[in-house]
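# Observations on the three-dimensional arrangement
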Amino acid sequence: MDLLALADFTLVARHGGFGAASRAARRPKATLSRRVGELEAALGLRLFERGRRDLKLTEEGRALFERAGALLTELEETAAAVASGGGQVRGRLRISAPLLFSQTAMGRLAAEFARRHPEGRLEVTTDDRAVDMIEEGYDLAIRVNPAPDDALVGRPFLYDRLVVVAGPDLPRPSGGATPAVVRGADPARSWTLAGPNGPVTLAVDAVLRLSSLVMIRDAVRAGAGVARLPLSLVMHDVAGGRLVNWGDVAGSEIALWALYPSRRLLNARVSAFLDLLRQSFPKATSEELAAYLAG
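Every chain's residues receive numbers from 1 upward, in the order its sequence appears when written. Local features in this predicted model are restricted to residues of pLDDT 70 or higher, and side-chain atom pairs are both shown and tallied only at a pLDDT of 80 or more, whereas totals for entire chains, interfaces and linings draw on every residue. As a rule here, side-chain values cover all heavy atoms of the structure and leave hydrogens and water aside.

## A few points about the overall build of the protein
- Secondary structure assignment for the protein yields 10 helices and 12 strands.
- Scaling as 2.2 N^0.38, a compact globule of 295 residues should have a C-alpha radius of gyration of about 19 Å, whereas the protein reaches 26 Å, well beyond that.
- Taking the principal axes of the C-alpha coordinates as reference, the protein spans close to 85 × 40 × 30 Å.
- Only protein chains enter the accessibility calculation, which uses a 1.4 Å probe. A residue is then buried if its area is under 20% of the maximum for its type, exposed if over 50%, and partly exposed in between. Across the 295 residues in the protein, those meeting the buried criterion constitute 40%.
- Residue burial considers only the protein chains on display, and all accessible areas are found by Shrake-Rupley using a 1.4 Å probe. Total accessible area computed for the protein in this model is approximately 15,800 Å², and 52% of it derives from carbon and sulfur atoms.
- Charge counting follows a simple rule: Lys and Arg are positive, Asp and Glu are negative, and His as well as the terminal groups are ignored. A single reference atom marks each charge: NZ on Lys, CZ on Arg, CG on Asp, CD on Glu. Here the protein carries 38 positive and 34 negative side-chain charges, and the mean point of each set is 5 Å from the other. Segments assigned H or I by DSSP are reported as helices when at least four residues long, segments assigned E as strands when at least two residues long, and all are numbered from the N terminus. Within these notes, the globule rule equals 2.2 Å times the number of residues to the 0.38 power, and the radius of gyration is based on C-alpha atoms.

## Some remarks on unusual backbone geometry
- One non-glycine residue, Asn145, lies in positive phi territory at about 45°.
- Relative to the elements of secondary structure, Asn145 occurs in the loop between β5 (140-144) and β6 (152-166).
- One non-glycine residue, Ala284, adopts positive backbone phi at about 60°.
- Its place among the elements puts Ala284 in the loop between α9 (268-280) and α10 (286-294).

## What about the side chain of Arg269?
- Along the chain, Arg269 turns up in helix α9.
- The exposure class assigned to Arg269 is buried, which follows from its relative accessible area of 6%.
- Looking at Arg269, its side chain comes within polar contact range of the main-chain oxygen of Arg90, at 3.0 Å. Each polar contact in these results corresponds to two N or O atoms within 3.5 Å; when the atoms are within protein, one needs to be able to donate a hydrogen and the other to accept it, and residues that are neighboring in sequence are counted only if both atoms are side-chain atoms.

## Here we look at the packing of aromatic side chains
- Aromatic contacts are taken between Phe, Tyr and Trp rings whose centres are within 6.5 Å, Trp giving its six-membered ring; a plane angle under 30 degrees counts as stacked, one over 60 as edge-to-face, and the others as tilted. According to the stated counting rule, one finds six aromatic pairs in the structure shown.
- Within the aromatic cluster, the residues linked to one another by ring pairs are Phe101, Phe157, Phe281 and Tyr292.
- Charge over a ring is defined by NZ of Lys or CZ of Arg lying within 6 Å of the ring centre and within 35 degrees of the ring normal. Directly above the aromatic system of Tyr138 lies the positively charged group of Arg94, at a separation of 4.3 Å from the ring centroid.
- Here the basic side chain of Arg108 rests over the ring of Tyr292, its NZ or CZ set 4.0 Å away from the ring centre.

## A word on the nonpolar core
- Ranked by size, the top nonpolar core spans 37 residues in total, and within it Phe101, Leu109, Phe157, Phe273 and Phe281 carry the most contacts.
- Sorting the residues of this core by element identifies β3 (91-97), α5 (99-116), β5, β6, β8 (190-193), β12 (244-261), α9 and α10 as the ones contributing at least two each.
- Two residues form a contact once any of their heavy atoms are found within 4.5 Å. Apart from the residues within four sequence positions on either side, Phe101 is in contact with Met106, Leu109, Ile142, Phe157, Leu158, Leu256 and Phe281.
- The next biggest cluster of nonpolar side chains, apart from the first, holds 17 residues, and it includes Leu11, Leu32, Leu47 and Leu64. In this text, buried Ala, Val, Leu, Ile, Met, Phe, Trp, Tyr and Cys residues form a nonpolar core when linked through side-chain atoms within 4.5 Å.

## Some remarks on the environment of Ala290
- Mapped onto the elements, Ala290 comes out in helix α10.
- Using a relative accessible area of 1% as the deciding quantity, one classes Ala290 as buried.
- Ala290 sits 60 residues away from Pro230 along the chain, and the two C-alpha atoms are 9.9 Å apart.
- In contact with Ala290, not counting residues within four places along its chain, are Ser232, Met235 and His236.

## So, the packing of helix α1 (residues 3-15) against helix α2 (residues 18-25)
- In the contact formed by α1 and α2, the axes pass within 8 Å of each other and the chain directions differ by 110°. Accordingly, the angle class assigned to the pair α1 and α2 is roughly perpendicular. Listed contacts from α2 to Leu11, Val12 and His15 of α1 are Phe18, Ala20, Ala21, Ala24 and Ala25.
- Here the term charged refers only to Asp, Glu, Lys and Arg, the term nonpolar to Ala, Val, Leu, Ile, Met, Phe, Trp, Tyr, Cys and Pro, and the term polar to all other amino acids, Gly among them. Its residues assigned to classes, the contact of α1 with α2 shows seven nonpolar, one polar and no charged. Axis lines are fitted to C-alpha atoms, over the contacting stretch for helices. Their N-to-C directions set the angle, which ranges from 0 to 180 degrees. Our angle categories are set so that under 35 degrees counts as roughly parallel, over 145 as roughly antiparallel, 65 to 115 as roughly perpendicular, and the remainder as oblique.

## Some points on the packing of α5 against α9
- Where α5 contacts α9, the two axes come as close as 11 Å, and the packing angle between them is 125°. With respect to α9, the axis of α5 lies oblique. Regarding α5 and α9, the two cross each other, and that crossing is right-handed. Every residue of α9 that contacts α5 at Met106, Leu109, Glu112, Phe113 and Arg116 is listed here: Arg269, Ala272, Phe273, Leu276, Leu277, Gln279 and Ser280.
- Class assignment of the residues belonging to the contact of α5 with α9 gives a composition of seven nonpolar, two polar and three charged. Two helices crossing with the near one rotated counterclockwise from the far one by less than a right angle form a left-handed crossing, whereas a clockwise rotation gives a right-handed crossing.

Right under this line is the structure:
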């Protein structure tokens, strides 16, 4: 594929027409039209619907524009980095991160990234859903136990697990009694705890439903009931006697992954943030994350 023709296509698509693209790039309109036509012929596709007064992307053209624009930007940045002798971090880095990690860790990570790379522009969006990174323009996504996705590559950078905790004044249930539970959207009717004598099942009767794990922790500290929470979030409360750990939730291992689109080159901004994650959590453990949050 002719990369110059592809670049001209993205230029026209970005500006919404040959005339506007010609004025922006200060290049002949006829040249742009010819090169886009050559690209359409090479692909065997119509990329634009040409009306008398307007120009609209076809479905195929829109798909090509969404992917080619990002790819060409990465190629330009890579060429510039090679020419300048290194991968200097410049420009915007868009990250999607889950709510809890954003609330507890991303503020400090963002500040450190800005300190290290003053020419970078970091944007973090909090979202627990699985965003479409290519369609929504994200460079990196942090996700908890992500489902396999052929369009994404990445690596885990932190591991955690769930524990059931309660206030120190709340007795453990006996004789099949059901404790008051503070929970989020989890629909489970029981929790299974790993114990030295085998698994123990704890019935769940929600007295509070809260959408944030931080809110759930605070409610449990205030004596509202028991909750299932990440160990890193409650480790210091347990150590300080504000909460009591009733046990690990069986099969509740958590892995936080840093993901990026496999069809895109790994640019200097993404590489720099991945390096920051590795340096901030070199052991990738719950204890390390808890210490980071406490610091």
